[in-house]
Amino acid sequence: MNNKITIADLISAKNNNKKIAAVSCYDYTTAQIISQTNVQMILAGDSAAQLVLGFDSTLPATMDFMVTITAAVRRGAPNLFLVADMPFLSYQVTIPDAIRNAGRFITEAGVQMVKIEATAAHLDVIKAVSDAGMAVMAHIGIRPQSISKIGRFKAEATTAEMAAQLINLADQMVEAGAASVLLEGTATEVAQIITERIEVPVISCGSGPGCDGQVLITPDILGLSQGKKPKFAKSYDDLADRTLKAFTTYSDEVHKSKYPDDKHAYYMKSGEIDKLKEILNL
Ligand code: KIV
């Protein structure tokens, strides 16, 4: 029996007012743990460029890197709805490139949907990838891949004029074939209006409680990320502190020869050490 969560389950959740919990995750080990929870969706996000590789933006994420981590996440969570983040320059250059790169996530990483950061300039890309038979999530509102053009991000749709534009853009994305919309950093009232007016599942990343689902990145949920976090990022543990303590205790034990103890070492079979001593004339 195939228990994998599908797009039909997400649509049904929307129609039945059941919330969708999504997590951005970058590795097999964490995905395995997430797959044992009630989280329905994992996004293999290009924020991995920052959180895994240490870059100061998502721009350096490459197709090969994203396909590798996305396939690892799929191996860890075969049962969850998996979305791949299409990295910078994987869909902006030509439409055939966009289709080929989206297809790599389907065939090499086993995802059910690809996410594209989109403005009105990308409607043809959304349409082409969707027409090629792939489910597309249109990521609108704050788009981290636009950092070099914008310089600094601020909340989206905070004026009536900006809000009307974003609402119109969401409508256009759905018309072009988007099977889901991700709204990042958008005013709560506007995110709710969009969620109520479009028929596809709307996932909020810092866009308030009125959307069909929420996404947070794993390092924020676990309290692993250090430094300044966005207002909406909520931590459910303080693993940075606990991880620090674990590494400190480990290194102390190594330095004091307390690790490894007998419980964590292998020994020869009974009597074999004496035979070895004979062989070595010790
Ligand atoms: O890259 C990412 O993890 C994302 C989410 C924060 C929405 O795009």
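Residues numbered from 1 in each chain as written. Predicted model: local features only at pLDDT ≥ 70, side-chain atom pairs only at ≥ 80, totals over all residues. Heavy atoms only, no water.

### Section: the pairing of strand β6 (residues 180-184)
- In terms of burial, β6 is a largely internal element, 5 of the 5 residues being buried.
- The two faces of β6 match: Ser180, Leu182 and Glu184 on one face and Val181 and Leu183 on the other face are all buried.
- Bridge analysis of strand β5 (residues 136-141) against β6 gives 5 bridges, and the strand direction is parallel. Its bridge partner lying in β6, Ile140 is registered against Leu183.
- Sheet topology note: the β6/strand β7 (residues 202-205) ladder contains 4 bridges and is parallel. If you follow Leu182 over to β7, its bridge partner there is Ile203.
- For the crossover from β6 across helix α9 (residues 188-197) to β7, the handedness is right-handed. (Buried < 20%, exposed > 50% of the residue type's maximum accessible area, 1.4 Å probe, protein only. Helix = DSSP H or I, 4+ residues; strand = E, 2+ residues; numbered from the N terminus. Pairing = 2+ DSSP bridges. Right-handed = clockwise from strand over helix to strand, strands pointing away.)

### Here's the deal with unusual backbone geometry
- Of note, the bond from Tyr259 into Pro260 is cis; its omega dihedral lies within 30 degrees of zero at 0°.
- Positive phi, close to 75°, is recorded for Leu89, a residue that is not glycine.
- Considering the arrangement of structural elements, one finds Leu89 in the loop between β3 (81-85) and α5 (95-109).
- For Leu89, a relative accessible area of 49% translates into the label partly exposed.
- The residue Asn281 is not glycine, and still its phi comes out positive at about 55°.
- Here Asn281 is to be found in the segment after α12 (272-279).

### Observations concerning the layout of surface pockets
- Estimates place the volume of the largest pocket at around 1,200 Å³.
- Those elements that provide at least two residues to the lining of the largest pocket are α3 (48-51), β4 (113-117), β6 and β8 (213-217).
- Of all the elements, β8 adds the most residues to the lining of the largest pocket, at 3 residues.
- Its residues assigned to classes, the lining of the largest pocket comprises 16 nonpolar, 17 polar and 12 charged.
- Considered as a void within the structure, the second largest pocket measures approximately 430 Å³ in volume.
- In this structure, the second largest pocket is lined by 18 residues; those nearest its centre are Thr30, Thr218, Pro219, Leu222 and Leu224.
- Secondary-structure elements contributing two or more residues to the lining of the second largest pocket are α2 (28-34) and α10 (218-221).
- Looking at the lining of the second largest pocket element by element, the count peaks at 4 residues for α2. (1 Å grid on protein atoms, 1.4 Å probe; cavity = no way out; pocket = protein on both sides within 12 Å on 5 of 7 lines; lining within 4 Å. Points joined across faces, edges and corners; volume = space filled by probe spheres on them. Nonpolar A, V, L, I, M, F, W, Y, C, P; charged D, E, K, R; others polar.)

### A word on the packing of helix α4 (residues 63-76) against α5
- Closest axis-to-axis distance for the α4/α5 pair is 9 Å, and the angle between their directions is 35°. In terms of crossing hand, the pair formed by α4 and α5 is right-handed. Residues Met63, Asp64, Met66, Val67, Thr70, Ala71 and Arg74 of α4 lie in contact with α5, whose contacting residues are Asn101, Arg104, Phe105, Glu108 and Ala109.
- Grouping the constituent residues of the contact of α4 with α5 by class yields 6 nonpolar, 2 polar and 4 charged. (Axes fitted to C-alpha atoms, helices over the stretch in contact; angles between N-to-C directions. Left-handed = near helix turned anticlockwise from the far one by under 90°. Contact = heavy atoms within 4.5 Å.)

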